[in-house]
Amino acid sequence: MDDIQFAFIDESGDYGFDFENQHVSTHFILVAILAKESNKAVLEQEIDKVREKYFRNEAIQSDKIDNPHLRIQLLNELKDLPFNIYAYVVDKRKIREDNGITFEKTFIKYINRLIYDDLKRTFDQLDLVLVEQGTNEFMTEFKTYIMEKTIPDLFNYTTFGFNNSTSELLLQLANFIAGTLAQGYDRTQLSLDYPLFNKILKKKTIAINLWPQNYTNYYHDYISRNQDHPFDEVIFKQSVNLALQYLEKNKRSEELDEKIRIDFLKFLLFNLRENPNEYVFTQEILDNLNAIRVNKINHHYFRSNIVSKLRDRGLLIASSNKGYKLPVCLADLYDFVHLSSLTIHPMIQRISKCRNQILLATNNEIDILENNEYEYLKKIIEMEKILVME
C-alpha cells in the first residue's frame with residue numbers, strides 16, 4: 001500500500017448564531033493536519049519534545065495560550081516539521097437566515113456535507129482522525145456522515161474514511177492551529193499579532209477554504225482591511241466573480257488538471273483575503289500545489305496547463321516578475337500586459353526578421369506567413385512597419 005495520508009482534525013468556534021451575545025463565535029473553523037504515515041512517528045516525537053518543553057505534563061491547548069510571544073515561539077518550533085494545514089473558515093455572520101442553515105442541527109449537517117465533498121474531491125486517499133473526547137456534536141455528526149458515505153474493502157480498510165488510527169499529539173497540534181487561525185478571524189479571539197502568526201504558517205498552509213464564497217464577502221473584507229491601497233471595484237468584482245463562477249462550475253470535475261486549477265484559484269482567493277496587494281512567487285504556489293500530490297507539477301506545466309488554460313477561459317490572473325495574484329486595480333492588469341509584452345514583441349520581431357531573410361533570399365517568392373493560419377501575424381507585422389515609418 002502507498003504511503004498513507006493522515007488528516008488529524010479539530011475545530012474552533014461554536015454553532016450559535018446569536019451574535020448579540022459577545023461570547024458567541026462569529027466563525028466556525030475546522031483544521032486538518034495532514035501528515036504521511038512515513039513521517040508520523042518522527043512528527044509525534046518532535047511535537048512531544050515541544051509539549052514537554054513548554055507545557056511539561058499538560059496537553060498543548062490553544063485556549064490556554066494567552067501570551068502571543070509564546071504562540072510565536074511554538075509556531076517557530078513547529079514550522080519545519082513534516083506536516084501541512086488544510087482548513088475551513090466559515091463566517092457565520094454571512095450566512096443568510098432565510099436558507100435555514102442558521103439552525104444548529106442544519107448548520108452542522110450542511111457543513112458536514114460541504115467539508116466531506118471538498119476533502120473527497122481533493123484527496124483520493126485519506127485516513128481521518130477526529131477528536132472524540134467529550135460531547136463534541138460536530139465531530140460526532142461528521143464521523144457518522146462519513147461512515148455512511150464510505151464502504152470498506154475486503155480487508156475492512158477504506159481509502160477515504162476511518163481506519164482506527166489515532167494520535168493524541170497530532171490532534172493537539174490540530175487544536176493549536178485551529179485556535180491560532182481563530183485569532184485572525186473570530187471576533188471573540190482576534191489578535192493584533194495574527195499577521196505574525198500567519199507569516200509563520202504560510203508555507204505550511206495548503207488551503208484555507210473561506211465560506212460562504214461570494215463577491216460581496218470578499219469585497220467587504222478587502223474594503224475593511226485595505227483602505228489605503230489602490231483599488232478599482234469593477235476590476236475587483238470581475239476577477240473575483242469569474243474565479244468563483246469557475247470553482248462552482250468545475251468543483252465536481254474528476255479531471256486531474258481541473259483539480260489543480262481549482263486548487264490554484266482557491267490559493268489565489270485566499271491570498272486575496274490575506275495579502276491582496278502582494279504577488280505570490282511561482283515556486284511558492286508550486287510548493288503549495290505539490291504538497292498533496294504524488295506527481296509533482298513543474299514550472300512549464302503550471303504555466304502552460306494551469307495558468308494559460310484559465311486565461312484562455314477568460315479568467316483574470318495578474319502576473320509580474322514577482323508571481324501571480326487576482327487583480328484588484330488597473331496597475332495589476334498593466335503588470336500583466338507589461339510582462340506579456342516583454343515576450344510577445346521580441347518574438348514578433350524575430351518572426352519578422354526570419355520572414356524578411358527568406359523573402360530576400362527567394363526574391364519575394366516564399367513568404368513564411370502566406371498560410372491563412374498566419375494571417376493575423378502578417379497583419380501585425382505589416383502594421384508595425386507602417387507605425388515605424390510614421
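As shown above, the structure is provided for reference.
Note that this is a predicted model, so its numbers are computed, not measured. (Residues numbered from 1 in each chain as written. Predicted model: local features only at pLDDT ≥ 70, side-chain atom pairs only at ≥ 80, totals over all residues. Heavy atoms only, no water.)

The sheet built from six strands is open, its strands ordered β5-β4-β1-β2-β3-β6 with mixed pairing. With one partner strand each, in any of the chains shown, β5 (160-161) and β6 (205-211) form the two edges of the open sheet. Strand direction decides the pairing type here: strand β2 (residues 27-36) and strand β3 (residues 84-91), joined by eight bridges, are antiparallel. When the sheet's bridge partners are listed, His27 is paired in β3 with Asp91. (Pairing = 2+ DSSP bridges. Helix = DSSP H or I, 4+ residues; strand = E, 2+ residues; numbered from the N terminus.)

Turning to the nonpolar core, a few remarks are in order. Counting residues in hydrophobic clusters, the biggest one holds 75 residues, and the most contacted among them are Ile177, Phe264 and Phe302. When residues in this core are grouped by element, the largest group, eleven residues, is from helix α5 (residues 168-185). For Ile177, the contacting residues outside a window of four places in its chain are Val31, Ile33, Leu75, Ile85 and Leu201. Residues Leu30, Ile108, Ile111 and Tyr116 belong to the second largest nonpolar core, which totals 34 residues. (Core = buried A, V, L, I, M, F, W, Y, C linked by side-chain atoms within 4.5 Å. Buried < 20%, exposed > 50% of the residue type's maximum accessible area, 1.4 Å probe, protein only. Contact = heavy atoms within 4.5 Å.)

Turning our attention to the pairing of strand β1 (residues 5-12). When you tally the buried positions in β1, you get eight out of eight residues, the bulk of the element. A two-sided burial pattern is seen for β1, the buried positions comprising Gln5, Ala7, Ile9 and Glu11 on one face and Phe6, Phe8, Asp10 and Ser12 on the other. Sheet topology note: the β1/β2 ladder contains eight bridges and is antiparallel. By the bridge assignment, Ser12 is partnered in β2 with Ile29. Relative to strand β4 (residues 126-130), β1 runs parallel, the two sharing four bridges. Bridge pairing in β4 links Ile9 to Leu130.

The subject of this paragraph is unusual backbone geometry. In this structure, Pro212 follows Trp211 across a cis peptide bond, with omega equal to 0 degrees. Take Pro212: it is sitting in the loop between β6 and α7 (215-225). Despite not being glycine, Arg56 has its phi angle at roughly 55 degrees, a positive value. With respect to the helices and strands, Arg56 occurs in the loop between α1 (37-55) and α2 (68-78). A positive phi angle, close to 55 degrees, is found at Asn363, a residue other than glycine. In this structure, Asn363 sits in the loop between α12 (330-361) and α13 (375-389).

Applying the stated criterion across every chain, the model contains 26 salt bridges. Between Glu44 and Lys40 there is a salt bridge, with the nearest N and O atoms lying 3.5 Å from each other. One end of the pair, Glu44, and the other, Lys40, are both in helix α1, four residues apart, so they sit about a helical turn from each other. The buried category is assigned to Lys40, whose relative accessible area is 16%. Between Asp48 and Arg51 there is a salt bridge, and its shortest N-O distance comes to 2.9 Å. Of this pair, Asp48 and Arg51 both sit in helix α1, three residues apart, roughly one helical turn. (Salt bridge = Lys/Arg side-chain N within 4 Å of Asp/Glu carboxyl O.)

Evaluation of the coordinates by the stated rule reveals 15 aromatic pairs. Ring geometry for Tyr110 versus Trp211: centroids 5.3 Å apart, planes at 40 degrees, classification tilted. Here Trp211 lies in strand β6 and Tyr110 lies in helix α3 (residues 104-122), a separation of 101 residues in the sequence. Overall, Tyr110 belongs to the partly exposed group, its relative accessible area being 26%. Note on Trp211: relative accessible area 18%, which makes it buried. An angle of 80 degrees between the planes, with centres 5.6 Å apart, marks the rings of Tyr116 and Tyr145 as edge-to-face. Taken as a pair, Tyr116 in helix α3 and Tyr145 in helix α4 (residues 137-149) lie far apart in primary sequence, 29 residues in all. We note that Tyr116, like Tyr145, is buried. Pairwise contacts between aromatic rings join Tyr15, Phe17, Phe19, Phe28, Phe107, Phe138 and Phe142 into one cluster. (Phe/Tyr/Trp six-rings, centres within 6.5 Å; stacked < 30°, edge-to-face > 60°.)

Purely geometric stuff here, so don't read any function into it on its own.
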